[in-house]
Amino acid sequence: GAGVSQSPSNKVTEKGKDVELRCDPISGHTALYWYRQRLGQGLEFLIYFQGNSAPDKSGLPSDRFSAERTGESVSTLTIQRTQQEDSAVYLCASRRDSLGHEQYFGPGTRLTVT
Amino acid sequence: AQSVTQLGSHVSVSEGALVLLRCNYSSSVPPYLFWYVQYPNQGLQLLLKYTTGATLVKGINGFEAEFKKSETSFHLTKPSAHMSDAAEYFCAVSSPTSGTYKYIFGTGTRLKVLA
């Protein structure tokens, strides 16, 4: 697989349930980002992983949101006790560990909370 | 702190006409600037980027952008619009030299191409 992959592509869940979103970055990419994109809006930064450094969690909107990354591979974004305002597309991106390199985005996971 | 402003959330042009999408940024350190395109139900794809060197950068699909430090701008242009250019376009800024690798995205400009 040459690109960033995300699963599931679509997730419908009931309010109050927990959800887990997965991101598989491009092999060799040390940086990984999660963004939230609400309908008709721009990208909202959530969290950033860089190698073995402590992640930058400054964008997580509440303590219901958390993310983990295993080494330089898969990452999971977990949303606990989902709320309707969590409905959005969640985008993952990875980047090589070099100055000036761009992010490569996955296709996103569309989350709908009913 | 960094920020990005995209003027015009919606832009319409006729097929064959010039495309101009505006992006202004704010950064206290030398910025790296990016334009991404998002087609419906897809992730973002890089169009072009400016890091250092030549201020006029060319990207895919005939797009180009010019970094103007004095105007803090990085406007995206294409001489002749094609129907397939209809999409949402995002400008982004990053400043790795400041020690952070966060990217700040603008709110996007939706381009409509009229036949």
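Residues numbered from 1 in each chain as written. Chains lettered and ligands numbered in written order. Predicted model: local features only at pLDDT ≥ 70, side-chain atom pairs only at ≥ 80, totals over all residues. Heavy atoms only, no water.

Draft legend 1. Fine view of the overall build of chain A. A count of helices and strands for chain A gives zero helices and 10 strands. Starting at the N terminus and walking to the C terminus, you meet the elements of chain A as β-β-β-β-β-β-β-β-β-β. For 114 residues, the compact-globule estimate of 2.2 N^0.38 gives 13 Å, and the C-alpha radius of gyration of chain A, at 13 Å, lies within 12% of that figure. Its C-alpha atoms put chain A at 40 × 25 × 25 Å along the principal axes. Taken over 114 residues, chain A has a buried fraction of 49%. Of the contacts made within chain A by residues no fewer than 6 positions apart, 55% connect residues no fewer than 24 positions apart. Of the roughly 5400 Å² of accessible surface on chain A, 44% is carried by carbon and sulfur atoms. A gap of 3 Å separates the mean positions of the 13 positive and 13 negative side-chain charges of chain A. (Helix = DSSP H or I, 4+ residues; strand = E, 2+ residues; numbered from the N terminus. Rg over C-alpha atoms; globule rule 2.2 N^0.38 Å. Buried < 20%, exposed > 50% of the residue type's maximum accessible area, 1.4 Å probe, protein only. Contact = heavy atoms within 4.5 Å. Areas by Shrake-Rupley, 256 points an atom, 1.4 Å probe, with all protein chains shown as cover. Lys, Arg positive; Asp, Glu negative; His and termini not counted. Charge placed at Lys NZ, Arg CZ, Asp CG, Glu CD.)

Draft legend 2. Spatial organisation of the state of the cysteines. Scanning all chains against the criterion turns up two disulfides over all chains. At a sulfur-sulfur separation of 1.8 Å, the disulfide partner of C23 of chain A is C92 of chain A. One quick way to see it: the torsion about the S-S bond of C23 of chain A and C92 of chain A is about -65°, and its sign makes the bridge left-handed. Here C23 of chain A, found in strand β3 (residues 19-24), pairs with C92 of chain A, found in strand β8 (residues 88-95); they are 69 residues apart in sequence, far enough to count as distant. Each member of the pair, C23 of chain A together with C92 of chain A, is buried. Across a sulfur-sulfur distance of 1.9 Å, C23 of chain B and C91 of chain B are joined as a disulfide pair. Disulfide C23 of chain B to C91 of chain B: torsion about the S-S bond roughly -65°, handedness left-handed. Residue C23 of chain B is located in strand β3 (residues 19-26), and its partner C91 of chain B is located in strand β9 (residues 87-94); the two are separated by 68 residues in the primary sequence. Residue classification places C23 of chain B among the buried residues on the basis of a relative accessible area of 0%. (Disulfide = S-S within 2.5 Å.)

Draft legend 3. Representation of the packing of aromatic side chains in the model. The tally for this structure, following the rule as stated, stands at 14 aromatic pairs over all chains. Relative to Y48 of chain A, the ring of Y33 of chain A lies with its centre 4.6 Å away and its plane at 25°, an arrangement referred to as stacked. Pair noted here: Y33 of chain A is in strand β4 (residues 31-37) and Y48 of chain A is in strand β5 (residues 43-50), with a separation of 15 residues, a long-range link. The pair Y33 of chain A / Y48 of chain A is uniform in exposure class, with both members buried. Ring plane angle 80° and centroid distance 5.4 Å describe the contact between Y35 of chain A and F105 of chain B, whose orientation is recorded as edge-to-face. Pair noted here: Y35 of chain A is in strand β4 and F105 of chain B is in strand β10 (residues 103-105), and the two residues belong to different chains. By the burial criterion, Y35 of chain A is buried, and F105 of chain B matches it. Taken together, the ring pairs in this structure connect Y33, Y35, F45, Y48 and F105 of chain A together with F34, Y36, Y103 and F105 of chain B into an aromatic cluster. (Phe/Tyr/Trp six-rings, centres within 6.5 Å; stacked < 30°, edge-to-face > 60°.)

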